[in-house]
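# Remarks on the overall topology
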Amino acid sequence: MKDFELMLASMEGFTGPGFRELCYKKGADSTFTEMARTAALARGNKSTLEKIQIPKPIPTYIQLLGASEKDLDIFLKKFIPQKGFLGFNLNLGCPSPNMIQKGLGCALIKRISKVILLVQTVRDHNHPVSIKMRLGMNGFEKEKKVYLNLINKVDADFFIVHARHGKETYENPANFGVYKECVKTDKIIIANGDIENKEQIQLLKSIGVKGAMIGRAAIKNPDIFKNLR
Ligand SMILES: Cc1cc2nc3c(=O)[nH]c(=O)nc-3n(C[C@H](O)[C@H](O)[C@H](O)COP(=O)(O)O)c2cc1C
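## Quick look at the site of the ligand
Residues in close proximity to the ligand total 17 residues, the closest being S10, Y170, N192, D194 and R216. In the environment of the ligand, an oxygen atom lies 3.3 Å from a nitrogen or oxygen atom belonging to the side chain of N91. Taking R216, its side chain carries an N or O atom lying 2.6 Å from an oxygen atom of the ligand. Burial of the ligand by the surrounding chains reaches 85%, relative to a free accessible area of 610 Å². When grouped by side-chain class, the residues that make up the shell around the ligand number 6 nonpolar, 7 polar and 4 charged.

## Notes on the pattern of salt bridges
For the structure shown, the criterion picks out 15 salt bridges. With its nearest N and O atoms 3.8 Å apart, the salt bridge here joins E34 to K51. Highlighted residues: E34 in the loop between β2 (30-32) and β3 (36-37) and K51 in helix α3 (residues 46-51), separated in sequence by 17 residues. A salt bridge links D157 to R123, with the nearest nitrogen and oxygen atoms 3.2 Å apart. Here R123 lies in helix α6 (residues 112-124) and D157 lies in the loop between α8 (146-153) and β7 (159-162), a separation of 34 residues in the sequence. A single network of salt bridges, built from pairs that share partners, joins K2, D29 and R229.

## Points about the environment of I207
Considering the arrangement of structural elements, one finds I207 in helix α10 (residues 198-207). C-alpha of I207 to C-alpha of P55: the two residues are 152 residues apart in sequence and 36 Å apart in space. Contacts of I207, omitting those with residues within four sequence positions, involve Y179, K180 and V183.

## Considerations on the side chain of N138
Mapping N138 onto the fold places it in the loop between β6 (129-133) and α7 (139-143). A distance of 2.9 Å separates a polar side-chain atom of N138 from the backbone nitrogen of E141. Discounting residues that sit within four places of it in the chain, N138 has contacts with H165, G166 and K167.

## A few points about the pairing of strand β4 (residues 60-65)
Counting buried residues in β4 gives 6 out of 6 residues, a clear majority hidden from the surface. Going residue by residue along β4, you find T60, I62 and L64 tucked away on one face and Y61, Q63 and L65 tucked away on the opposite face as well. Sheet topology places β2 next to β4; 2 bridges connect them, and they run parallel. Bridge assignment links F32 to a residue of β4, and that residue is Y61. Note that β4 and strand β5 (residues 85-92) share 5 bridges and pair parallel. Within β5, the position partnered with T60 by the bridge is F85.

The rules behind the values
- Residues numbered from 1 in each chain as written.
- Predicted model: local features only at pLDDT ≥ 70, side-chain atom pairs only at ≥ 80, totals over all residues.
- Heavy atoms only, no water.
- Near = heavy atom within 4 Å.
- Polar contact = N/O pair within 3.5 Å; in protein donor to acceptor, adjacent residues only side chain to side chain.
- Areas by Shrake-Rupley, 256 points an atom, 1.4 Å probe, with all protein chains shown as cover.
- Nonpolar A, V, L, I, M, F, W, Y, C, P; charged D, E, K, R; others polar.
- Salt bridge = Lys/Arg side-chain N within 4 Å of Asp/Glu carboxyl O.
- Helix = DSSP H or I, 4+ residues; strand = E, 2+ residues; numbered from the N terminus.
- Contact = heavy atoms within 4.5 Å.
- Buried < 20%, exposed > 50% of the residue type's maximum accessible area, 1.4 Å probe, protein only.
- Pairing = 2+ DSSP bridges.

Quick look at the structure:
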């Protein structure tokens, strides 16, 4: 990882191989596939397997959405990394009520022992593993700082913190105030949410955040990666 890594966010329907390659050429250091359901990968579902293909050696993390270490293990036994593969990223941020009902996405933020099991399963197969998370499933969890508890207790390579809780929409501004306490855990923290200019990058660097993940601003203008340097 660079001193300060610029990452293209995982975005369903947008971050296929073509867009990942474009953003890499524009200066993104690494990119993420859109989320793929681990249960479907374990079953060998064709269209889900398609989502995690890395046809060209562009630096790519594969993002997984799931809460079953058994499914994860079944999938990983069959998984063969392609050139460009950097590691797996576990989705603890999806706020969709459908997923939350199944205990997935941001419902996982407070399920520490489950997340530790998932991380260990990926490590058992000798792959790098990181986490993308929100601040909690709702305002109550955020107030209780479940995100800090997770960052403290889980041993992942890095933590991408989308600075909103699961009930907040894009109309609520991302909460840049949380990064300081996240960095204090001494884990590697990547900031995400509403990042679009150099002043924000300077602020994040001064706090000790190790990178920024850019989503919607890259869809609007992939040159953002060049402009943020
Ligand atoms: C269309 C769209 C699809 C998204 N799909 C995913 C996804 O598959 N996995 C994920 O972790 N986040 C997903 N997100 C959230 C983004 O990765 C990111 O966390 C969020 O947009 C905040 O960053 P931004 O303000 O730079 O856009 C999606 C966001 C958008 C707008």
